[in-house]
Amino acid sequence: MAKWTTIDIPDQSGRVAVITGANTGLGYETAAALAARGAYVVLAVRDLDKGKDAAELIAKRNPGAELSLQELDLTSLESIRAAADQLRSDHDRIDLLINNAGVMWTPKSTTADGFELQFGTNHLGHFAFTGLLLDRLLPVAGSRVVTVSSIGHRIRADIHFDDLQWQRRYSRVGAYGQSKLANLLFTYELQRRLAARGTTIATAAHPGGSRTELTRNLPARLAPAFDLFESRIAQDAATGALPTLRAATDPGVRGGQYFGPDGFAEMRGFPKVVASSRRSHDAERQRRLWAVSEELTGVVYPVA
């Protein structure tokens with residue numbers, strides 16, 4: 001299937017999809033596409049007003065769409081636990097959990113729990129959220145956890161176990177790379193733990209170069225070059241969401257697969273299975289990051 005698009009999304013009627021960061025960009029387009037195919041979509045967002053606006057736009061595009069909002073701040077373990085408790089109360093089952101929200105290249109700052117902002121939001125927040133909801137996915141045949149990574153998982157990226165929170169020396173690019181590498185290490189370790197269950201799979205995706213609000217923290221000196229990149233190379237958010245949508249819905253997807261654009265350098269194009277870095281497949285890194293993540297978040301998964 002060389003040119004997979006939203007037309008190829010199977011009927012999602014009766015399925016419940018929870019999408020983080022669904023009020024804008026890739027998350028919004030993912031939510032809109034799933035709602036159009038009949039899924040009940042939960043927009044898990046930090047700003048409820050923006051979430052309401054997004055839901056109204058989706059409903060306008062897709063009359064009859066089933067949507068709800070869930071407040072979720074991935075920079076706060078308290079908010080994550082409250083959101084998970086509410087979702088578990090509202091839904092006996094979850095078919096799709098799409099870990100989409102993220103921040104990129106932020107100035108040095110921390111989450112409410114003292115984690116470096118990019119690592120805390122992009123990885124630890126989603127690690128905790130997934131673990132707290134997993135018992136709603138495990139009984140559901142065909143359920144999936146899809147985590148959005150980035151080409152950035154290859155750029156100055158490693159897991160700095162001796163300084164995970166970048167307290168000694170901070171690099172915006174390095175911290176982002178660490179968080180996106182962590183997304184893949186998490187996906188592969190989660191899939192290993194899910195494999196024996198046979199019901200739920202873990203997959204990952206990246207959008208290539210896409211025009212979204214993720215670049216809002218770009219240093220001013222880089223803005224001209226990035227503007228040129230966006231005008232010449234980057235694709236729109238709807239196209240950038242296709243790898244996520246394929247990872248979430250294509251019946252032929254297998255656990256542990258990673259999807260990205262099929263064009264040059266995986267910057268744009270239609271979704272296909274792509275390779276991730278050698279470090280992302282390091283089983284020791286995967287296990288060690290998992291143990292550290294459980295310790296930092298206090299969330300222990302119901303899969304061994």
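Refer to the structure above for everything that follows.
The text that follows walks through the structure, step by step, so that each part is easy to find.

Conventions and cut-offs
- Residues numbered from 1 in each chain as written.
- Predicted model: local features only at pLDDT ≥ 70, side-chain atom pairs only at ≥ 80, totals over all residues.
- Heavy atoms only, no water.
- Phe/Tyr/Trp six-rings, centres within 6.5 Å; stacked < 30°, edge-to-face > 60°.
- Buried < 20%, exposed > 50% of the residue type's maximum accessible area, 1.4 Å probe, protein only.
- Helix = DSSP H or I, 4+ residues; strand = E, 2+ residues; numbered from the N terminus.
- Lys NZ or Arg CZ within 6 Å of the ring centre and 35° of its normal.
- Pairing = 2+ DSSP bridges.

## Digging into the packing of aromatic side chains
On inspection of all chains with the given rule, the structure shows seven aromatic pairs. Ring centres of Trp166 and Tyr170 lie 6.3 Å apart, and the angle between their planes is 85 degrees; on these two criteria the pair is classed as edge-to-face. Overall, the relative accessible area of 21% leaves Tyr170 in the partly exposed class. Relative to Tyr301, the ring of Phe186 has its centre 6.4 Å away and its plane inclined at 70 degrees; by these criteria the two rings are edge-to-face. In this pair, Phe186 sits in helix H5 (residues 172-194) while Tyr301 sits in the segment after helix H9 (283-297), placing the two residues 115 residues apart along the sequence. A residue is classified by how much of its surface remains accessible, and Tyr301, at 5% relative accessible area, is buried. Geometry around Phe161 places Arg288 over its ring, the cationic atom sitting 4.1 Å from the centre.

## Considerations on the pairing of strand E1 (residues 16-20)
Side-chain direction in a regular strand flips from residue to residue, so the side chains alternate between the two faces of the sheet. Of all five residues in E1, five are buried; the element is thus mostly enclosed. Side-chain alternation along E1 places Val16, Val18 and Thr20 on one buried face and Ala17 and Ile19 on a second face that is also buried. One ladder, built from five bridges, connects E1 with strand E2 (residues 40-45); its direction is parallel. Bridge pairing in E2 places Thr20 opposite Ala44. In this sheet, strand E4 (residues 96-99) lies alongside E1 in parallel orientation, the contact comprising three bridges. When the sheet's bridge partners are listed, Ala17 is paired in E4 with Leu96.

Structural measurements only, silent on function.
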